[in-house]
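In case you want the letters, here they are:
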Amino acid sequence: MRFHRKLALAIGALAASGGLFAAHGYSKASEAAEVQRIIWAKEMAIYQGRSKGMVDFYVDNASPNFLAWTAGTPAPFRIDKLRAGKQAMRGRDKEVIETTFRDFSLSGDTAVIYYQNHRTRMPDGTVVDQTYDNIHVWQKTDGEWKVLASMSRPMHGCPLS
């Protein structure tokens, strides 16, 4: 009886630490790394679109419950304002932004990614030197990762810094 109790405790501890799942090819660390890879690729696609004067990919990958408060906006805004930006960005294809990954966290169907943007050219071609810290909250809904929330803060060279 003691052996079975000790074995049960050992199995419980192994499962709780993720070790049991790792033995079967699953681990929380590898799951988080895969989700991070997927989301980071989506982030890169968002900025690739912006460099071509399009926010279509961003809009297509935003949750219907999207909420953002970005540097330069006086208040939070929802998906309707993001959608309206599609037309405003058309033809504004000179933006240059270097995006640098900072950190990532995954909890169930919610992921948070932190990154920094260094913008050297505005969409209209104006040369600038602006740096922003950014966060996107992603939520897995119906099997797809969607941006639920976005926030940015200006660092140096930005209108609000």
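Above this note sits the structure.
One structure accompanies this document, and this report is about it. What you are looking at is a predicted structure, and each value in this text was computed from that prediction instead of being measured.

**Observations concerning the packing of aromatic side chains**
For any pair of aromatic rings, the description consists of the separation of the ring centres together with the inter-plane angle of the planes. Counting across every chain of the model gives five aromatic pairs. When the ring of Trp40 is compared with that of Phe101, the centres are 5.6 Å apart and the planes differ by 80°; the resulting orientation is edge-to-face. Of this pair, Trp40 sits in helix α3 (residues 28–51) while Phe101 sits in strand β3 (residues 96–107); the two residues are 61 residues apart in sequence, bridging distant segments of the chain. When the centroid spacing of 6.1 Å and the interplanar angle of 70° are considered together, the rings of Trp40 and Tyr115 count as edge-to-face. Here Trp40, found in helix α3, pairs with Tyr115, found in strand β4 (residues 110–121); they are 75 residues apart in sequence, far enough to count as distant. The rings of Trp40, Tyr47, Phe101 and Tyr115 are connected pair by pair, giving a single aromatic cluster.

**Here's the deal with α3**
End to end, α3 covers 35 Å across 24 residues, agreeing with the expected 34 Å (1.5 Å per residue, within 8%). Residues of α3 that are buried: Val35, Ile39, Lys42, Glu43, Ile46, Tyr47 and Gly49. Buried residues along α3 sit against α4 (56–60), β3, β4, β5 (127–141) and β6 (144–154). Downstream of α3 by a residue or two, Gly53 has a phi angle that is positive, lying close to 80°.

**Some remarks on the nonpolar core**
Ile39, Tyr58, Phe66, Leu82, Ala111 and Trp138 are the most contacted members of the largest nonpolar core, which totals 21 residues. Listing elements by their share of this core, those giving two or more residues are α3, α4, β1 (62–69), α5 (79–89), β4 and β6. Beyond its immediate chain neighbours, meaning those up to four positions away, Ala111 contacts Val35, Ile39, Phe104, Ser105, Leu106, His136, Val137, Trp138 and Trp145.

**Re the pairing of β6**
Consecutive residues of a regular strand have side chains that alternate between opposite faces of the sheet. Pairing geometry for β1 and β6, over four bridges, is parallel. In the strand pairing of β6, Leu67 is matched with Ala149. Where β5 lies against β6, ten bridges are found, and the strand directions are antiparallel. If you follow Thr141 over to β6, its bridge partner there is Glu144. Here β5 hands over to β6 after two residues, with Asp142 in that stretch at a positive phi of 50°.

About the criteria used
Residues numbered from 1 in each chain as written. Predicted model: local features only at pLDDT ≥ 70, side-chain atom pairs only at ≥ 80, totals over all residues. Heavy atoms only, no water. Phe/Tyr/Trp six-rings, centres within 6.5 Å; stacked < 30°, edge-to-face > 60°. Helix = DSSP H or I, 4+ residues; strand = E, 2+ residues; numbered from the N terminus. Expected span 1.5 Å × (residues − 1). Buried < 20%, exposed > 50% of the residue type's maximum accessible area, 1.4 Å probe, protein only. Contact = heavy atoms within 4.5 Å. Core = buried A, V, L, I, M, F, W, Y, C linked by side-chain atoms within 4.5 Å. Pairing = 2+ DSSP bridges.

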